[in-house]
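Structural characterization, general
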There are 6 protein chains.
Amino acid sequence: MRPSGRNVDQMRSISIETNVTKHAEGSCLIKCGDTHVLCTATIDERVPPFMKNSGLGWVTAEYGMLPRATNTRMQREAKKGQSGRTQEIQRLIGRSLRAGVDRVALGERQITIDCDVIQADGGTRCASITGGWVALKLAVNKLMKIGDVISDPLTDPVAAISCGIYAGQEVLDLDYPEDSEAGVDGNFVMTGSGKLIEIQMSAEGSVFSRQQLNGLLDLAQKGVDELVAAQKAATS
Amino acid sequence: MRPSGRNVDQMRSISIETNVTKHAEGSCLIKCGDTHVLCTATIDERVPPFMKNSGLGWVTAEYGMLPRATNTRMQREAKKGQSGRTQEIQRLIGRSLRAGVDRVALGERQITIDCDVIQADGGTRCASITGGWVALKLAVNKLMKIGDVISDPLTDPVAAISCGIYAGQEVLDLDYPEDSEAGVDGNFVMTGSGKLIEIQMSAEGSVFSRQQLNGLLDLAQKGVDELVAAQKAATS
Amino acid sequence: MRPSGRNVDQMRSISIETNVTKHAEGSCLIKCGDTHVLCTATIDERVPPFMKNSGLGWVTAEYGMLPRATNTRMQREAKKGQSGRTQEIQRLIGRSLRAGVDRVALGERQITIDCDVIQADGGTRCASITGGWVALKLAVNKLMKIGDVISDPLTDPVAAISCGIYAGQEVLDLDYPEDSEAGVDGNFVMTGSGKLIEIQMSAEGSVFSRQQLNGLLDLAQKGVDELVAAQKAATS
Amino acid sequence: MRPSGRNVDQMRSISIETNVTKHAEGSCLIKCGDTHVLCTATIDERVPPFMKNSGLGWVTAEYGMLPRATNTRMQREAKKGQSGRTQEIQRLIGRSLRAGVDRVALGERQITIDCDVIQADGGTRCASITGGWVALKLAVNKLMKIGDVISDPLTDPVAAISCGIYAGQEVLDLDYPEDSEAGVDGNFVMTGSGKLIEIQMSAEGSVFSRQQLNGLLDLAQKGVDELVAAQKAATS
Amino acid sequence: MRPSGRNVDQMRSISIETNVTKHAEGSCLIKCGDTHVLCTATIDERVPPFMKNSGLGWVTAEYGMLPRATNTRMQREAKKGQSGRTQEIQRLIGRSLRAGVDRVALGERQITIDCDVIQADGGTRCASITGGWVALKLAVNKLMKIGDVISDPLTDPVAAISCGIYAGQEVLDLDYPEDSEAGVDGNFVMTGSGKLIEIQMSAEGSVFSRQQLNGLLDLAQKGVDELVAAQKAATS
Amino acid sequence: MRPSGRNVDQMRSISIETNVTKHAEGSCLIKCGDTHVLCTATIDERVPPFMKNSGLGWVTAEYGMLPRATNTRMQREAKKGQSGRTQEIQRLIGRSLRAGVDRVALGERQITIDCDVIQADGGTRCASITGGWVALKLAVNKLMKIGDVISDPLTDPVAAISCGIYAGQEVLDLDYPEDSEAGVDGNFVMTGSGKLIEIQMSAEGSVFSRQQLNGLLDLAQKGVDELVAAQKAATS
């Protein structure tokens, strides 16, 4: 039934390669099927002005797509400015990652996560959150190793997956052909211990019931469990 | 327990005044407590280029806040450009309203909903959706009266309400003092017949369980029922 | 002769409702016929850098129009930036109000007047000046009440009215149908005691004589007298 | 009494050198004392979209200042965008010149007047109007010579001069030291036959009476007569 | 003598991996030491307006750097706009590649080369030209295979290398530590047959002689020969 | 053979008029045939933040063209922002001039060179460098006269000339008709003592040999010698 032949509750293959760039304090290339995102973490000992002398750390994110990451070339955002969609996505990534950070334990410093989509096939914002957490973890590990951070501020991983209603059925981990057809789709950000952080469900020209929502939440839980396992393997 | 003294499942008082401006094809001033939003509908017989000759109608929305709608004056967006937050909100309003429109019945024309916040006290995006539907309905009524539209494209109202976890308790219809303290809050867009259109839940420095999500959904359902009653009274 | 049936020296009905928004230090909704402008005053204890430690106060203004304030929807300035016309108008409002302020008496603080046109029917910049003065006066009254300002810096009101040559005749207080036809029109800013502050007369595809200028000045004086009476009633 | 030692009704020396650049259809370098403006006219056989097929011509203007035209270097507008002041000035120049053009006689074409201030010492917008008319006239003469325009659309010259109240006295043709001190100053655009086109009077921290206005109008008339004589000498 | 221990005429190791992204018509990841650039080619059957119906093809290029491609994170250009440096580089890449294209043989279509720096260590513009030619060649091969292009428009490869004067000596293929210290450095774009296309030599706080220029040209020739061999291996 | 009838190694007539504007610390109007550029130097006792307390001076440049400096009117950059070409040119001018400055001798201050093209006929960037050096020299002379600078930081003049291959022949000092036809052209920046500072050679749809490069360098040397003589005459 699905264009890829996957079962309704079957994820695409996941791969997380770490330390892929020599400059960043943490980095990974995450591949969720044909969606490939390069995530880097940059540590800055200065925080934004509004949190100076608060003793709290800050995590923020930026998101971009290479112009030919998609099937049809998109205009370069450096030429026209960031779209509303881009800004919405990078706000989501930052908010999601912060929900899993003990900002007191991190200490007064900022970590910026850059998520750049090298190749897109649906689910880029979810891959960015999942891979972004890995880059963040690696950077924090470096801070702990040199003693700048004492107790681990990242005790519970954060990962994200999309689910939606495609051809009348609830399916896990939409790829682009599904995403462009689905009347209802959602992004679910969760912790390794099964807590919810963010739900973004929307219907374009359609509606959904609470029963369907529950079906999607069950699928999301399954997907996040697999992602968290991959995160743990990559960072241990 | 709530700063306003309201019960956990108590809405703020709702008022919807219609036809408040002489130029727009539909308009209302919606007041949800101290949150006041002016909503206007503009009919344009041309659709955007990408839907020309599709036979389908289009509904889009724009959102703004007067600089002193808030307690502290904000910089005017005309001077600095629309923020990511503004773009995110107006995309949400447009998507939500379109979910309740039969685009074939509307016919190939565009209706633009402008939502301008005159005074803000939390929940401006939800008030914009609820009031925006009223302005849209009034404009469509005008098209039906003159025979440009035959069968009603708006059979099921669309309304939105915020709920969140404040001081450990699930509460309905957050005002600004609650919104700025709540660790978890969400916006729920629903139809008059009880279907879901959009859920946007986020946690800032916190997490939530599926049980809490269910509690918030129950509250949202109660709130939307009251809003839909007010919409019907205003447009009948 | 006039589209509205008014006499050549007859103003539109004036209404000034004060304290219309809960956040601003001063506010009013001024209606000059079908032209409705919301004016708010924001007190900021900091002045712009170039007047720091001068001991002098500053008054500035910003102006905007809701997209559907006009008969045909205009593009939102937050999306395209402020037009030259908007900047010209807000510079005029600020300059006009400052001419009526004793900046020593005001003390080193800034008051920003926001004038947002809710509905337009000609004469929006004049209504903004007249209503802006009311918002300013109310904010200053608040400063005097709490003792931050001792002697009143606003002893002589400032108001503005448009006059022009329509169908060959000098007329007072142009509405939009007149304004769009008049070959010569002008805006006159005056004080309650009959002094001139600003004259902006222009001819589009036409010229005028000194005799005609004098006729327009006589009409403007009559109009400003009526506006000042309304300002005094609203602020006393 | 005046810093320059001039009488109150004495203009600065005027010089208008024509055909100063080889590319433009009309051009002049106008010098009003130490204020030097290069004015060029560009003929374009296409009009703006909104006047297509109207049979009417259009005249528009743009204005700029070289960064070091002033005593203190200003930031280049190409780097930061046109200021509100620049836009206000170029709108004034265009409106003023159009008032002296028979747009039917000009025929459906556009002439753009560029006014670039090479050196500034007060009165740059007035010099731009006066010199702009000369460049326009020379371009129109070229059109008449080749027969593209039959009857002269520029029968009455347009010129502009500033007057103001300096040290309590009405003075003609303010230079920069006067302009920066004057509480009241105005720009008067008139025709060679003595008609008024535009008056822009403003008071910064001051007011003025109708009697003073009349004194300034008398001075302006004297100044414009001298400018028109120089325009006629330059273009005949 | 060189920080890397290389001989003065020794290149960094070169690697060109082709077809690295599934969407683009041609692509490669070029690695010149630690400088890694992803190059993609996009075929568009429409040409820019100014060459419509000319029968000639067009090749253009865009260039970007991921924010953490460098040792210190740079601000994202999507947020602040393309710098002058970025525009200068992408103009160079496009001009260089066009010099090696028979635009009649290519036919009326446009190929856009995107060069995105994944990791930077000096020489990114040269790597972009060398890798860009490979992506271009692969895209053209596709057009030839399907018969849309008959005779090969790319008969002579185009490659680029930097040389400079470091610590008083002429050296080939500057890496970042050398580049940031060199008083004189240049970029040399050449063809496989030894012709010159572009020379950009500049001295910052230094000068150079014609003899030194000749030394650098000799080195550049050697480097380009090696690059062209790698290009041929990758595209055959 | 050349459109102007000049010999292949013949420059256009050069004229450098100094002190042409009363405000700038140094200025000249340089005319290379029909290319006329106004160059001004502005001394600022503050340096950019990144060189504060370095004890070193800084020289920077900005470049602009009046809209009708060219045969066809160009859009004003103040309206659309600086093009990539403009930024590239002003970076070249600044870099070239700095190569001839002893920054220790200049002392911690900044000099900004503004080069504004009044009339263009090819070679505007070269004329800007040559004239820019004269304005810089005059400003430095002023600093030396008042004792703010003790030893001359400008001991060797900097000048620039274009050469190219036109109709198959190497020619000196391209004017616009040649420049727009030449397949290969270059800009050569040199010192009075014959050292090279910058070479920018590019081929549009063409290539060139080392022998041709040598021919152009010989021509450039001849041209720069003549320009340096004119610079010395103008500043002594």
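What you see is a predicted model; the values in this text were computed from it and never measured.

Cut-offs used in this document
- Residues numbered from 1 in each chain as written.
- Chains lettered and ligands numbered in written order.
- Predicted model: local features only at pLDDT ≥ 70, side-chain atom pairs only at ≥ 80, totals over all residues.
- Heavy atoms only, no water.
- Contact = heavy atoms within 4.5 Å.
- Buried area = accessible area lost by both parts, 1.4 Å probe.
- Salt bridge = Lys/Arg side-chain N within 4 Å of Asp/Glu carboxyl O.
- Helix = DSSP H or I, 4+ residues; strand = E, 2+ residues; numbered from the N terminus.
- Nonpolar A, V, L, I, M, F, W, Y, C, P; charged D, E, K, R; others polar.
- Pairing = 2+ DSSP bridges.
- Least-squares fit on C-alpha atoms with pLDDT ≥ 70 in both.
- Polar contact = N/O pair within 3.5 Å; in protein donor to acceptor, adjacent residues only side chain to side chain.
- pLDDT = per-residue confidence, 0-100.
- UniProt positions renumbered as here; feature names shortened; annotations may be inferred.
- Axes fitted to C-alpha atoms, helices over the stretch in contact; angles between N-to-C directions.

A few words on the interface of chain B and chain A. Each partner contributes residues to the interface: chain B has 30 residues there, and chain A has 30 residues. Approximately 2900 Å² of surface area, both sides summed, lies buried where chain B meets chain A, with 48% of it carried by carbon and sulfur atoms. Counting the surface chain B buries against chain A, the share from its top three residues, Glu88, Leu196 and Arg210 of chain B, is 21%. Run the count over chain B and chain A and you get 6 salt bridges. Of all the secondary-structure elements, those providing two or more residues to the side of chain B that touches chain A are helix H2 (84-98), strand S9 (196-203) and helix H6 (210-235) of chain B. Per-element tally for the side of chain B that touches chain A: the top contributor is S9 of chain B, with 8 residues. Grouping the amino acids of the side of chain B that touches chain A by side-chain chemistry returns 10 nonpolar, 10 polar and 10 charged. Relative to S9 of chain B, strand S9 (residues 196-203) of chain A runs antiparallel, the two sharing 5 bridges.

With a phi close to 60°, Asp173 of chain B is a non-glycine residue in the positive phi region. Here Asp173 of chain B is to be found in the loop between strand S7 (169-172) and helix H5 (176-179).

The subject of this paragraph is the relation of the copies chain C and chain B. Two copies of one chain are present, and they are related through a rotation about an axis combined with an axial shift. Least-squares fitting of chain C to chain B yields an RMSD of 0.0 Å, with the superposition described by an axial translation of 0.0 Å and a rotation of 180°. What the superposition gives is, in effect, a two-fold axis relating one chain to the other. The rotation axis passes nearest to the C-alpha of Ala78 of chain C in chain C, at a distance of 1.8 Å. With an isologous cut-off of 70% or more, the 100% of interface residues of chain C that recur at the interface of chain B puts this contact in the isologous class.

This part takes up the relation of the copies chain B and chain A. Overlay of chain B on chain A (RMSD 0.0 Å): rotation 180°, translation along the axis 0.0 Å. Most of the interface of chain B is mirrored in chain A: 100% of its interface residues are interface residues there too.

With that settled, consider the interface of chain C and chain B. Across the boundary between the two partners, chain C contributes 35 residues, which contact 35 residues of chain B. Approximately 2800 Å² of surface area, both sides summed, lies buried where chain C meets chain B, with 45% of it carried by carbon and sulfur atoms. Sorting the residues of chain C by area buried against chain B places His23, Arg68 and Arg76 of chain C first, and these three jointly supply 26% of that buried surface. There are 16 salt bridges connecting chain C and chain B. A salt bridge links Arg73 of chain C to Glu62 of chain B; its shortest N-O distance comes to 3.1 Å. Our enumeration of links across chain C and chain B arrives at 30 residue pairs in polar contact (both at pLDDT 80 or more). Mapped onto the side of chain C that touches chain B, the elements with two or more residues apiece are strand S3 (35-44), strand S4 (58-65), helix H1 (77-80) and strand S5 (110-119) of chain C. A per-element tally of the side of chain C that touches chain B places S5 of chain C first, with 6 residues. Broken down by class, the residue content of the side of chain C that touches chain B amounts to 12 nonpolar, 11 polar and 12 charged.

Turning our attention to the confidence of the model for chain A. Chain-level pLDDT for chain A is 96 on average; 100% of the residues reach the 70-or-more range. Scored as a whole, the predicted complex attains pTM 0.92, and scored at its interfaces, ipTM 0.95.

Turning to the UniProt feature "domain: Exoribonuclease phosphorolytic" (unreviewed entry) in chain A, a few remarks are in order. Residues and elements named next belong to chain A. Mapped onto this numbering, the UniProt entry gives "domain: Exoribonuclease phosphorolytic" (unreviewed entry) at residues 10-139 and 156-223. From the first C-alpha to the last, residues 10-139 spans 31 Å; its make-up is 30% helix and 31% strand. Within residues 156-223, the helical portion is 26% and the strand portion 43%, while the C-alpha atoms at the span's ends are 16 Å from each other.

Moving on to the sheet that holds strand S2 (residues 26-32) of chain C. Residues and elements named next belong to chain C. In spatial order, the strands read S1-S2-S3-S5-S4; together these 5 strands make up an open sheet with mixed pairing. Taken across any chain shown, the strands that pair with only one partner, and hence form the sheet edges, are strand S1 (14-18) and S4. For this sheet, the mean inter-axis angle between neighbouring strands, taken without regard to orientation, is 20°. Two elements, S3 and S5, share 9 bridges in a ladder whose sense is antiparallel. Bridge pairing in S5 links Thr42 to Thr112.

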